[in-house]
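Fold and contact review
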Amino acid sequence: MAASSSSSLGSAKALACFNASLLAPQTPQRTASPRRTSVRMRASSTATPAELKKTVWVWTENRQVMTAAVERGWSTFLFGSKDLSKDWSSRDSVCSFGFSATARINPLFIDGPEIFDGENQKVAVISQVSSPRELELVQPDNVEAENIVIDFRGGWQVIPAENIVAAFQGCRGTVLAVSTNSTEAQVFLEALEQGLDGVVLKVDDMNDIIKLKDYFDRRNEAKSQLPLTKATVSKVEVFGMGDRVCVDLCSIMRPGEGLLVGSYARGMFLVHSECLETNYIASRPFRVNAGPVHAYVTVPGGKTSYLSELQSGKEVIVVDQNGLWRTAIVGRVKIESRPLILVEAKDNSGDDTYSIFLQNAETVALITPDRGNPL
């Protein structure tokens, strides 16, 4: 497939090829930097609001943090006392730290081991956990309130979070964990893949609010779909040697999945992973033999990157033959000199032609629209 691209204000569509590949064309970019492209996603019918909904409360007394949170749709704030909650939720205070007069926040306050709302109604209990014994006490049968906030102490997070997810699975209550930065929050939101129901972000740096919102945006994008357009291969030509890039991901790819790569950002091909067994090499479902160093590859945020810029820790998007996509982390990149071929394909819905250089090897394949079979 190929994906074409545009500027950050433009749109993008994707293509699929017969006897060839799938492509994704986009309108020509008008900015000076061709790799700052944008891909417009449409909501996938497979995504449901429940899959994406997580609760976020913010625990802070920093005005910039509160403003940043409200601007991003998070208006529930936790305070250390009832007096503080009243002070910060008053109309004068709301207007004074940058909210509009119509902005409203939902103040909660802590009183001992319990959390109350502005009407003095108990909405949650808070439990501090710093040992396995204390963790054992946090079980559905032992929790009185419908919502529970867990404050893990002593840098002890991942395993306890997984235990909590397992213990409360299927229960009515909402379980949130106190996080002191956006990275911790992601750990809790991803524990055992399902994650906790939400987080209480206890921060004084607005950048943590911004980073967490960006994280949720990426999660929501991963439930979106990139429309792919069919194209037909019109030319295959053998060339000389070039530096090609193998991208090894920290995720397993399935048949029909790969990376969108192209010589031009306006049209990119869906290059299949090496997940299939062949007579030449064992299956490597984490790898895509993507193309030469100059080629573009799609990355989160609707943008592209040069293959030569990829490095460990950077994220790319993995796309299947239906256009469903998800983010994946790059584990390593291998650049080696290999023989290349030039592949050109014509958009079936128009006269546009797109091209890509690939390694001349039997293990390199593009994806067809027929059940996502590699070619």
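Everything in this summary refers to the structure shown in the same document. (Residues numbered from 1 in each chain as written. Predicted model: local features only at pLDDT ≥ 70, side-chain atom pairs only at ≥ 80, totals over all residues. Heavy atoms only, no water.)

The next thing to look at is the pairing of strand β18 (residues 287–292). With six of its six residues buried, β18 lies for the most part within the structure. The pairing of strand β15 (residues 229–249) with β18 spans five bridges and is antiparallel. In the sheet register, Cys246 faces β18, and the bridge partner there is Asn289. (Buried < 20%, exposed > 50% of the residue type's maximum accessible area, 1.4 Å probe, protein only. Helix = DSSP H or I, 4+ residues; strand = E, 2+ residues; numbered from the N terminus. Pairing = 2+ DSSP bridges.)

The next thing to look at is the side chain of Ser355. Structurally, Ser355 is set in strand β23 (residues 353–359). Given the relative accessible area of 13%, Ser355 is considered buried. Setting aside anything within four residues of it in sequence, one finds Ser355 in contact with Gly262, Ser263, Tyr264, Phe269, Leu342, Val343 and Glu344. (Contact = heavy atoms within 4.5 Å.)

Here we come to the sheet that holds strand β6 (residues 55–59). With respect to topology, eight strands assemble into a closed barrel ordered β6-β7-β8-β9-β10-β11-β12-β13, the strand pairing being mixed. For this sheet, the mean angle separating the axes of adjacent strands, direction not counted, is 30 degrees. The pairing of strand β10 (residues 122–129) with strand β11 (residues 147–152) spans five bridges and is parallel. Note that in β11 the partner of Ser127 across the bridge is Ile150. Relative to the sheet, helix α2 (residues 63–71) contacts β6 and β7 (76–79), its axis offset from that of β7 by approximately 155 degrees. (Axes fitted to C-alpha atoms, helices over the stretch in contact; angles between N-to-C directions.)

The next thing to look at is helix α7 (residues 182–190). Of the residues making up α7, those classed as buried are Ser182, Glu184, Ala185, Phe188 and Leu189. Angular distribution of buried residues about the axis of α7 spans 155 degrees; they occupy a single face of the element. Measuring from the backbone nitrogen of Thr183 back to the side-chain oxygen at the start of α7 gives 3.1 Å, which picks out Asn181 as the cap. (Arc of directions from axis to C-beta. Polar contact = N/O pair within 3.5 Å; in protein donor to acceptor, adjacent residues only side chain to side chain.)

Let us look at the side chain of Thr60. Position of Thr60 relative to the elements: it lies in the loop between β6 and α2. You can call Thr60 buried: its relative accessible area is 3%. Within polar-contact distance, the side chain of Thr60 engages the backbone nitrogen of Asn62 at 3.0 Å. A polar contact of 2.8 Å, which involves the side chain of Thr60, links it to the backbone oxygen of Val203.

This part covers the pattern of salt bridges. Under the defined criterion, the tally for this structure stands at ten salt bridges. Close ionic contact of Arg72 with Glu71 constitutes a salt bridge, the shortest N to O distance being 3.6 Å. Judged by its relative accessible area of 26%, Arg72 falls in the partly exposed class. Between Glu257 and Arg326 there is a salt bridge whose closest N-O contact spans 2.8 Å. Of this pair, Glu257 sits in strand β16 (residues 257–264) while Arg326 sits in strand β22 (residues 325–347), and the two are 69 residues apart along the sequence. (Salt bridge = Lys/Arg side-chain N within 4 Å of Asp/Glu carboxyl O.)

Both β15 and β22 contribute to a ladder of 16 bridges, which runs antiparallel. In the strand pairing of β22, Asp243 is matched with Ser337. Between the end of strand β21 (residues 315–320) and the start of β22, which pair antiparallel, lie four residues, with Gly323 showing a positive phi angle near 90 degrees. Here seven bridges tie β22 to β23, and the two strands are oriented antiparallel to one another. Each residue of the ladder has a partner; that of Lys346, found in β23, is Thr353. Adjacent in sequence and paired antiparallel, β22 and β23 are bridged by five residues.

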